[in-house]
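Residue strings, one per chain:
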Amino acid sequence: MAKIFQATHVGKVRYNNEDSLTVIEPETFVVADGMGGASAGEVASQMLVETVKNSLSKTPRPWHEKILAQAILLANDKILNTARRHAEYHGMGTTATILSLDGERAYFAHVGDSRLYLLRNNIFKQITEDHSYVETLVRRGELTAEEAKIHPMKNVLTQAVGAIANLYIDQANFPVERGDIFLLCTDGLTNMIDDELIFKILKTAKEPAAELIEAALDAGGKDNVSVIVVGVD
Ligand code: CA
């Protein structure tokens, strides 16, 4: 069995927490970072998490990446329809990063700028690519990774669940190894602390989720922050 740690915090600046996260037994993990005025962001990320949970619970395992992506598409329809019916929810959306383990392989599906990382053999690596405007510029070679971190448009997403009809969902799978540590997180973590500190905490902390949140708060806590850490035995 994997060791699982999860935590979320509103941060030091915002009044509400628009992040949602959940652990679906067995060994499936979801983080979502909602956006939209008033309480719309919370509604979008909660709808994502609940729809994914319901959809997967009705589907036989293993939950391959295509099944995870189908669940995201279902949430996309639901959020779009809700936004169409209620003016106050117009324009809401959410990121979605889902990881499912079946003992041998890791499956993931992803939209937005929440992230999945893997720590394996002392190498800490981002698995997902951000669906953001600045990431597009970095890939085109028009911006360096360092410039992207402080770019004024760094929060602009190129797509979000519930915000567009034709969603493109990144999805893949790869073999799991003993000792792998997975991290799912919202950008409230990665905008506040760098990879080096995350790596150090994952390597040494007894309660890695709580310590990652604490580090993000110590660094300013400018955004909601959510993390799920999964250690594979
Ligand atoms: Ca955020």
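Everything discussed here concerns the structure shown above.
Computed from a predicted model, the values in this text were never measured in an experiment. (Residues numbered from 1 in each chain as written. Predicted model: local features only at pLDDT ≥ 70, side-chain atom pairs only at ≥ 80, totals over all residues. Heavy atoms only, no water.)

> Mind showing me how you'd approach the sheet that holds strand β11 (residues 225-231) here?
Strand pairing in a sheet takes place through backbone hydrogen bonds and is either antiparallel or parallel in direction. Pairing is antiparallel across the open sheet formed by 5 strands, whose spatial order is β1-β11-β10-β7-β8. Of all strands in the sheet, those bounded by a partner on one side alone are β1 (3-9) and β8 (123-126). Taken pair by pair, the neighbouring strands of this sheet meet at an average axis angle of 15°, ignoring direction. (Pairing = 2+ DSSP bridges. Helix = DSSP H or I, 4+ residues; strand = E, 2+ residues; numbered from the N terminus. Axes fitted to C-alpha atoms, helices over the stretch in contact; angles between N-to-C directions.)

> I keep staring at the coordination of the calcium ion and nothing clicks. Help me out?
Ideal geometry at a metal centre: 109.5 degrees between donors when four sit tetrahedrally, and 90 or 180 degrees when six sit octahedrally. Coordination of the calcium ion by the protein is provided by Asp33 (OD), Asp33 (OD), Asp187 (OD) and Asp223 (OD), with metal-donor distances spanning 2.2 to 3.2 Å. The sequence motif formed by the donor residues of the calcium ion is D-x153-D-x35-D. Of the two residues, Asp187 sits in helix α5 (residues 187-190) while Asp223 sits in the loop between α7 (208-218) and β11, which places them 36 residues apart along the sequence. The exposure classification of Asp187 matches that of Asp223, with both residues buried. (Donors = N, O, S within 2.8 Å, 3.2 Å for Na, K, Ca; no water. Buried < 20%, exposed > 50% of the residue type's maximum accessible area, 1.4 Å probe, protein only.)

> I would appreciate a short explanation of α7 in the present structure.
The α-helix advances 3.6 residues per turn, and as a result positions three or four apart in sequence lie on the same side. Taken as a whole, α7 has its buried residues at Pro208, Ala209, Leu212, Ile213, Ala215, Ala216 and Leu217. Immediately downstream of α7, the backbone of Gly220 shows phi near 130°, a positive value.

> Could you clarify how one ought to interpret the layout of surface pockets in this entry?
It is a probe the size of a water molecule, rolled over the atoms, that shows where empty space is left. In this structure, the largest pocket encloses a volume near 670 Å³. Considering the residues around the largest pocket, the lining is formed by 25 residues, among which Arg115, Gln126, Asp130, Ala145 and Lys149 are closest to the centre. Put simply, the parts of the chain that give the lining of the largest pocket at least two residues each are β7 (115-120), α3 (133-139), α4 (145-149), α5 and α6 (195-204). In terms of residue count, the dominant contributor to the lining of the largest pocket is α4 (4 residues). (1 Å grid on protein atoms, 1.4 Å probe; cavity = no way out; pocket = protein on both sides within 12 Å on 5 of 7 lines; lining within 4 Å. Points joined across faces, edges and corners; volume = space filled by probe spheres on them.)

> Where do I start with unusual backbone geometry in this structure?
Peptide bonds are mostly trans, and most non-glycine residues show a negative phi. For the bond from Glu25 to Pro26, the omega torsion is -10°, close enough to zero to count as cis. Relative to the assigned elements, Pro26 resides in the loop between β2 (19-24) and β3 (28-35). With an omega of 0°, the peptide bond running from Arg61 to Pro62 counts as cis. Tracing the backbone shows Pro62 in the loop between α1 (40-57) and α2 (65-85). Despite not being glycine, Glu27 has its phi angle at roughly 60°, a positive value. For Glu27, the position within the fold is in the loop between β2 and β3. Even without glycine at this site, Asn122 takes up a positive phi of about 65°. For Asn122, the location among the structural elements is in the loop between β7 and β8.

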